Amino acid sequence: MRVNSKIVSRYIKRLTILILALFILYMLSVIFLFATFRVTSESMNPELQKNDFLIVYKPTLGARLFNVFAAIKGEDFHVYRMPGLRDFKRNDIVVFNYPYKEWDTWDHITLNLKEYYVKRCIGLPGDSILAKNGIFEVLGVNCTLGNYSMQDRASGSSFDSIPRPSYIDDCDLGWNLHDWGPIYVPKKDDSILIDKNNYHLYKKIIEWESDLPIDSLSEGIQYRFKHNYYFVAGDNTLHSIDSRYWGLVPDDFIVGKVSFAIGNSKKSFLHIISDFRRVK
């Protein structure tokens, strides 16, 4: 039986349009709705296990739009964030671009497109956060922050295996990784006085925002922040490189909130997809 060539051509055309439409819908969803990752570290144990598959929801804070090619080339670029549904809440688990070029070199803040981290949001913009005997607290907030049992277990342990100096004990304030703070987590448009203490705490942030060395600012002036920042930490307190070590995360660096986690024992095609995006 001969097949009408016009019918075949029509079906091929419809199929091509359908595939193209599905591809466009997928790309739009990846840009504006979700991202997929596979966990490659133990920093969020026991909440997240190594090789868990994560679905990260972008509309919570709003999807990011920026020139990826300029970022890859190391050129200046602007991050535009779509309007979000809400700000993060304390204890939300978030994925973000690592804010430094190297994992153990914390000198200049930069958006690292190749490295993604997953941590728990402990301090929000406007919070004043501290630690007593290794337990996180936010002034004026009465709730458990992070994994209390892991923090308590780490309170009598040594952090010597992790590179130093850290953000906390490099502040020249007599702090250490068990007892420190309070640290004010900057909120956009809030101001601080540039003095000796704030110089140490916010030096890298101010240099990143202004693209100028902080030494060019006179002591005693007020500095107004241009971004919101977050203090993040891993649940596996002794084995997590987080804000205690390298500092605060700018809002532009955050991908979104972890909405679903599929255990590594439940193998599926999603794990194959997520192999392209790894998160520590």
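Definitions and limits used
Residues numbered from 1 in each chain as written. Predicted model: local features only at pLDDT ≥ 70, side-chain atom pairs only at ≥ 80, totals over all residues. Heavy atoms only, no water. Helix = DSSP H or I, 4+ residues; strand = E, 2+ residues; numbered from the N terminus. Buried < 20%, exposed > 50% of the residue type's maximum accessible area, 1.4 Å probe, protein only. Contact = heavy atoms within 4.5 Å. Areas by Shrake-Rupley, 256 points an atom, 1.4 Å probe, with all protein chains shown as cover. Pairing = 2+ DSSP bridges. Bend = angle between axes of the 7 residues up to and from the residue. Polar contact = N/O pair within 3.5 Å; in protein donor to acceptor, adjacent residues only side chain to side chain. Axes fitted to C-alpha atoms, helices over the stretch in contact; angles between N-to-C directions. Phe/Tyr/Trp six-rings, centres within 6.5 Å; stacked < 30°, edge-to-face > 60°. Salt bridge = Lys/Arg side-chain N within 4 Å of Asp/Glu carboxyl O.

Some thoughts on the overall build of the protein chain
Item 1. A tally of helices and strands in the protein chain yields 6 helices and 15 strands.
Item 2. Counting all 280 residues of the protein chain, 44% fall into the buried class.
Item 3. In the protein chain, of all internal contacts separated by at least 6 residues, the share reaching a separation of at least 24 is 67%.
Item 4. If you sum the accessible surface of the protein chain, you get close to 15400 Å²; carbon and sulfur atoms cover 55% of it.

Let's talk about the pairing of strand β5 (residues 93–97)
Item 1. Across the 5 residues of β5, 5 count as buried, placing the element largely inside the fold.
Item 2. Taking every second residue as pointing to the same face, both faces of β5 are buried, with I93, V95 and N97 on one and V94 and F96 on the other.
Item 3. Where β5 and strand β6 (residues 116–123) come together, 5 bridges link them in antiparallel fashion. Each residue of the ladder has a partner; that of N97, found in β6, is Y116.
Item 4. Examined bridge by bridge, β5 and strand β14 (residues 254–262) share 3 bridges and lie antiparallel to one another. Its bridge partner being in β14, V94 is matched across the sheet by K257.

What to know about helix α4 (residues 196–210)
Item 1. Of all the bends in α4, the greatest, near 65°, is centred on Y202.
Item 2. For α4, the N-terminal capping position is held by D195, with its side-chain oxygen 3.3 Å away from the main-chain nitrogen of N197.
Item 3. With its phi angle positive at about 60°, D211 sits one or two positions after the end of α4.

Description of the sheet that holds strand β9 (residues 180–184)
Item 1. Taken together, the 3 strands give an open sheet; going across it, the order is β8-β7-β9, and neighbouring strands pair in antiparallel fashion. Each edge of the sheet is formed by a strand with only one pairing partner; in this case those strands are β8 (135–138) and β9. On average, each strand axis in the sheet is inclined to that of its neighbour by 20°, with strand direction left out of account.
Item 2. In this structure, strand β7 (residues 128–132) lies alongside β8, joined through 4 bridges in antiparallel fashion. From the neighbouring strand, L130 faces β8, where its bridge partner is E137.

Thoughts on the side chain of K58
Item 1. The topology assignment puts K58 in the loop between β2 (53–57) and β3 (64–65).
Item 2. Look past the residues within four positions of K58 in its chain and what remains in contact with it is V30, I31, F32, L33, F34, A35, A63, V255 and G256.

Looking at the packing of aromatic side chains
Item 1. As enumerated under the stated definition, the model contains 16 aromatic pairs in all.
Item 2. With 6.0 Å between their ring centres and 65° between their planes, Y98 and Y100 make a pair best called edge-to-face.
Item 3. An aromatic cluster of three or more residues is present, and its members are F96, Y98, Y100, Y117 and W246.

Points about unusual backbone geometry
Item 1. Across the junction of N45 and P46, the peptide omega takes the value 5°, indicating a cis bond.
Item 2. Following the sequence through the fold, P46 ends up in the loop between β1 (34–39) and β2.
Item 3. Here the amide bond leading from G181 into P182 is cis, since omega sits at 5°, within 30 degrees of zero.
Item 4. Tracing the sequence through the fold places P182 in strand β9.
Item 5. You will see that N51, though not glycine, has its phi angle at about 80°, which is positive.
Item 6. Judged by its relative accessible area of 28%, N51 is partly exposed.
Item 7. In this structure, D189 is a non-glycine residue whose phi angle is positive, near 80°.
Item 8. Looking at the secondary structure, you find D189 in the loop between β9 and β10 (191–193).
Item 9. With relative accessibility at 48%, the residue D189 sits in the partly exposed group.

Details of the pattern of salt bridges
Item 1. Under the defined criterion, the tally for this structure stands at 7 salt bridges.
Item 2. Notably, a salt bridge pairs D127 with R90, separated by 2.8 Å at the nearest N-O pair. Taken together, the residues D127 in the loop between β6 and β7 and R90 in the loop between β4 (80–81) and β5 connect sequence positions 37 residues apart.
Item 3. According to the relative accessible area criterion, R90 is partly exposed, its value standing at 27%.
Item 4. The closest approach of N and O atoms between D235 and R120, which form a salt bridge, is 2.7 Å. Residue D235 is found in the loop between β12 (229–233) and α5 (243–246), and its partner R120 is found in strand β6; the two are separated by 115 residues along the sequence.

Brief notes about the pairing of β2
Item 1. Across 5 bridges, β1 lies against β2 in antiparallel orientation. Of the residues in β2, the one forming a bridge with F37 is L54.

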